[in-house]
Amino acid sequence: MKSLRPILIVLTIITLIILLFISLASKQKMVTVMEGNLAKQPIPIVLQHFQDSECGMVIDEINYASQVIAPDGKTWFFHDHGGMIKWLESKNFKKDAIIWVNSLDSKKWIDGRKAYYTRDEETPMLYGFGAYEKNRDNLIDFKEMQLLTLRGETMANPTIRQQLLKERN
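Residues numbered from 1 in each chain as written. Predicted model: local features only at pLDDT ≥ 70, side-chain atom pairs only at ≥ 80, totals over all residues. Heavy atoms only, no water.

A. Structural detail: the layout of surface pockets. Taken as a whole, the largest pocket holds about 230 Å³ of empty space. The biggest single contributor to the lining of the largest pocket is helix α4 (residues 158-168), with three residues. A class-by-class count of the residues in the lining of the largest pocket yields three nonpolar, two polar and seven charged. One number sums up the size of the second largest pocket: a volume of about 160 Å³. Around the second largest pocket sit Glu-89, Lys-94, Lys-95, Arg-113, Asp-141, Phe-142, Lys-143 and Gln-146, which together line it. Among the elements that take part in the lining of the second largest pocket, helix α3 (residues 142-151) stands out by supplying three residues, more than any other. Its residues placed into classes, the lining of the second largest pocket shows one nonpolar, one polar and six charged. (1 Å grid on protein atoms, 1.4 Å probe; cavity = no way out; pocket = protein on both sides within 12 Å on 5 of 7 lines; lining within 4 Å. Points joined across faces, edges and corners; volume = space filled by probe spheres on them. Helix = DSSP H or I, 4+ residues; strand = E, 2+ residues; numbered from the N terminus. Nonpolar A, V, L, I, M, F, W, Y, C, P; charged D, E, K, R; others polar.)

B. Highlighting the pattern of salt bridges. Applying the stated rule across the entire model yields four salt bridges. A salt bridge links Arg-161 to Glu-122; the shortest N-O distance between them is 2.8 Å. Residue Arg-161 is located in helix α4, and its partner Glu-122 is located in the loop between β6 (116-117) and β7 (131-132); the two are separated by 39 residues in the primary sequence. Judged by relative accessible area, which is 45%, Glu-122 ranks as partly exposed. (Salt bridge = Lys/Arg side-chain N within 4 Å of Asp/Glu carboxyl O. Buried < 20%, exposed > 50% of the residue type's maximum accessible area, 1.4 Å probe, protein only.)

So this is what it looks like as structure tokens:
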């Protein structure tokens, strides 16, 4: 009986740990994709409840968030516009996707293909692109932002970062 006691204690502890993780997972219910968005409108992102569809990190700020909606209404969420671009590149519906980005100037969801972008912001994944509804000096359009992201010419690249920060000052 004495030899079984340590084994029973270890099994009890393991069981409690497993139950704790199962309980937390069922309470959390993180959202990475939603189906049925046939209206193709932006979905309100609840901070700490949605996950980035590219990297899996929790979306904890809305400033650089974006959403991609496929023709069938499936919607994916991102916390950095650069990650959204990289994710979208491999999708067969990339040309037909609706893209919503959070605008830093108007504080609302805007069409990502019509937005203007800065290149030197401190974004969650260091791509550096902030979206704006109104154009101003030194902003780029969606196509250029897309091209720069796919080429790796973002703030995540140390050489580009140094160059952009030098231009800013």
